[in-house]
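Next come the chains, spelled out residue by residue.
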Amino acid sequence: MQPSGNLGSDNRIALMGAPGSPYTRKMLALLRYRRIPYRFLLNGSPAAAAMPQPKVGLLPTFYLPNASGDLEAVVDSSPIIRRLEQEHEGRSVIPDTPGLAFLDELIEDYADEWLTKAMFHYRWAYSDDIDKAAAILPLWRGHAIADEVHAERAKAFAERQIGRLYVVGSNAVTGPVIEAHYRRFLEAFEAHLTHHRFLLGERPGAGDFAVYGQLTQLTHFDPTPMALTLKLAPRVFAWVELMEDLSGLEPADGDWIGLDAAPPTLLALLAEIGRVYPPVMLANARALAGGAKVVEAEVDGLPWRQPPFPYQAKCLQWLRQAHQALPAADRVAADAILRQTRLDGLFG
């Protein structure tokens, strides 16, 4: 029998996920910061199996009431964040000015759709990382199993994930691009954190939680990018641990930066995003529009090839709609930053 309503007197939000899912970690940290009561169901647990099933199996899966009051499975972290903003007051992760909120949305999409390429690449492209992920990730669905069962699951899990590398765009051609960008991203973010607590000021936005989600894996689980992070960016490593639980932070309205006073370190970080993110997003949209089977682009002077990804074309469309909806003054201020950081091509 499917659960319905709010499960009796328990008004906590239920969600299902796994520690190895960057999007699960993104949303758990956000719920803690916003002080929204929740209960976490581990992926593969009997409690999760008893819940409504999503049309597409993505992590995390939230169980939220529909118009009839019955629980339904809801996925896709970004729209869930906006829904939570409407249903729970206080401690917002959306900046209070439209232009800055747009910039935050752009950063969130970059983390969800590009930085995840680095997470997936490092995890399944290097032997040490493969061995660790194959051994640990299957145990998060249940560790009370015989050694031979564990070995079988580890082998099957690794083979399945390595076989999916092409989906996110990690291959022999794109690997050098992904790794060079991750190094530069670490250096730029480290420089920013030398002077600022969060991406857009002294309080976290949705973009912070999206970046944090990917970095929980890159900086604290997978051996190769973890070692690189410790070498290049100790502040980034520490920031990830601090982001896990910000329930004690007391934000104020004045903690957000102004678009007309964006710090140089933020502009440098956005410029790094502008080197890699727009070319692939635009090439992907062109490939889908033209019915091509391969996305081909040049990223920072290097070739890029991957299969088309329809969802990312939708992401680009949503960003363009958000940009178009900006009030005139906010769009002028946002466009000035987009031009400085080579992100304006996404909206041309």
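Report follows, based on the coordinates. Just so it is clear, the structure is predicted and the values come from calculations on it, not from any experiment.

Quick notes on the rules
Residues numbered from 1 in each chain as written. Predicted model: local features only at pLDDT ≥ 70, side-chain atom pairs only at ≥ 80, totals over all residues. Heavy atoms only, no water. Helix = DSSP H or I, 4+ residues; strand = E, 2+ residues; numbered from the N terminus. Rg over C-alpha atoms; globule rule 2.2 N^0.38 Å. Buried < 20%, exposed > 50% of the residue type's maximum accessible area, 1.4 Å probe, protein only. Contact = heavy atoms within 4.5 Å. Lys, Arg positive; Asp, Glu negative; His and termini not counted. Charge placed at Lys NZ, Arg CZ, Asp CG, Glu CD. Arc of directions from axis to C-beta. Salt bridge = Lys/Arg side-chain N within 4 Å of Asp/Glu carboxyl O. Core = buried A, V, L, I, M, F, W, Y, C linked by side-chain atoms within 4.5 Å. Pairing = 2+ DSSP bridges. Polar contact = N/O pair within 3.5 Å; in protein donor to acceptor, adjacent residues only side chain to side chain. Phe/Tyr/Trp six-rings, centres within 6.5 Å; stacked < 30°, edge-to-face > 60°. Lys NZ or Arg CZ within 6 Å of the ring centre and 35° of its normal. 1 Å grid on protein atoms, 1.4 Å probe; cavity = no way out; pocket = protein on both sides within 12 Å on 5 of 7 lines; lining within 4 Å. Points joined across faces, edges and corners; volume = space filled by probe spheres on them. Nonpolar A, V, L, I, M, F, W, Y, C, P; charged D, E, K, R; others polar.

Structural notes on the overall build of the protein chain
Line of reasoning, step 1. A count of helices and strands for the protein chain gives 14 helices and six strands.
Line of reasoning, step 2. The globule rule puts the C-alpha radius of gyration for 348 residues at 20 Å, and the 20 Å found for the protein chain is close to it.
Line of reasoning, step 3. Taken along the three principal axes of its C-alpha coordinates, the protein chain extends 55 × 50 × 45 Å.
Line of reasoning, step 4. Evaluated residue by residue, the protein chain yields a buried proportion of 50% over its 348 residues.
Line of reasoning, step 5. Pairs at least 24 residues apart make up 73% of the contacts formed inside the protein chain by residues separated by at least 6 positions.
Line of reasoning, step 6. Taking the 34 positively charged and 41 negatively charged side chains of the protein chain as two groups, their mean positions are separated by 4 Å.

Re helix 3 (residues 77-87)
Line of reasoning, step 1. Residues of helix 3 that are buried: S77, S78, I80, I81 and L84. Angular distribution of buried residues about the axis of helix 3 spans 160°; they occupy a single face of the element.
Line of reasoning, step 2. On its buried side, helix 3 packs onto strand 1 (13-17), helix 1 (22-34), strand 3 (61-65), strand 4 (71-74), helix 4 (98-125) and helix 9 (206-218).

Description of the pattern of salt bridges
Line of reasoning, step 1. Evaluation of the coordinates by the stated rule reveals 18 salt bridges.
Line of reasoning, step 2. A salt bridge links E85 to R34, with the shortest nitrogen-to-oxygen separation between them at 4.0 Å. With E85 in helix 3 and R34 in helix 1, this residue pair connects regions lying 51 residues apart in the sequence.
Line of reasoning, step 3. With relative accessibility at 4%, the residue R34 sits in the buried group.

With respect to the nonpolar core
In a soluble, globular protein the nonpolar side chains are often hidden away together inside.
Line of reasoning, step 1. Ranked by size, the top nonpolar core spans 97 residues in total, and within it Y182, F189, V211, L215, W239 and Y277 carry the most contacts.
Line of reasoning, step 2. No other element matches the 14 residues that helix 4 contributes to this core.
Line of reasoning, step 3. If sequence neighbours within four positions are ignored, W239 has contacts with F189, L193, R197, F198, D208, V211, Y212 and L215.
Line of reasoning, step 4. The next biggest cluster of nonpolar side chains, apart from the first, holds seven residues, and it includes M16, L41, M51 and Y63.

A look at the pairing of strand 3
Line of reasoning, step 1. Across the five residues of strand 3, four count as buried, placing the element largely inside the fold.
Line of reasoning, step 2. In this structure, strand 1 lies alongside strand 3, joined through three bridges in antiparallel fashion. Bridging across to strand 3, L15 finds its partner in F62.
Line of reasoning, step 3. Remark: five residues form the turn of the hairpin made by strand 3 and strand 4, two consecutive strands paired antiparallel; G69 in that turn has positive phi of roughly 90°.

Here's the deal with the environment of R34
Line of reasoning, step 1. C-alpha separation for the pair R34 and A48, spaced 14 residues apart in sequence, amounts to 24 Å.
Line of reasoning, step 2. Setting aside residues no more than four positions away along its own chain, R34 makes contact with L84, E85, H88, E89, G90, R91, S92 and V93.
Line of reasoning, step 3. Within the structure, the side chain of R34 is placed 3.1 Å from the backbone oxygen of L84, a separation counted as a polar contact.

Digging into the packing of aromatic side chains
Line of reasoning, step 1. By the definition in use, this model includes 12 aromatic pairs.
Line of reasoning, step 2. Summarising the aromatic geometry, the rings of Y33 and F209 are spaced 5.8 Å apart at their centres and angled 40° between planes, so their arrangement reads as tilted. Taken as a pair, Y33 in helix 1 and F209 in helix 9 lie far apart in primary sequence, 176 residues in all.
Line of reasoning, step 3. The exposure class of Y33 is buried, given its relative accessible area of 0%.
Line of reasoning, step 4. Across the ring face of Y33, the terminal group of R91 is positioned such that the distance to the ring centre comes to 4.6 Å.
Line of reasoning, step 5. Sitting over the face of the ring of F221, K132 holds its NZ or CZ atom 4.3 Å from the ring centroid.

Considerations on empty space enclosed by the protein
Line of reasoning, step 1. Enumeration over the complete set of coordinates arrives at one cavity of 30 Å³ or more.
Line of reasoning, step 2. There is about 40 Å³ of room inside the largest cavity.
Line of reasoning, step 3. As for the largest cavity, its lining consists of I107, Y110, F185, L199, V211, L269, L270 and I273.
Line of reasoning, step 4. Mapped by element, the contributors of at least two residues to the lining of the largest cavity are helix 4 and helix 12 (264-290).
Line of reasoning, step 5. If you tally residues by element for the lining of the largest cavity, the top one is helix 12, at three residues.

A word on the layout of surface pockets
Line of reasoning, step 1. Computed from the structure, the largest pocket encloses a volume of approximately 1,600 Å³.
Line of reasoning, step 2. Lining of the largest pocket is provided by 48 residues; of these, Y23, G57, L58, L59 and R164 occupy positions nearest its centre.
Line of reasoning, step 3. Elements supplying a minimum of two residues to the lining of the largest pocket: helix 1, helix 3, helix 4, helix 6 (147-162), helix 7 (165-168) and helix 13 (310-324).
Line of reasoning, step 4. Top element by residues in the lining of the largest pocket is helix 4. It accounts for 11 residues.
Line of reasoning, step 5. Considered class by class, the residues forming the lining of the largest pocket number 25 nonpolar, 10 polar and 13 charged.

Overview of the side chain of E272
Line of reasoning, step 1. Here E272 shows up in helix 12.
Line of reasoning, step 2. Those residues in contact with E272 that sit more than four places away from it in its chain are H181, R184 and F185.

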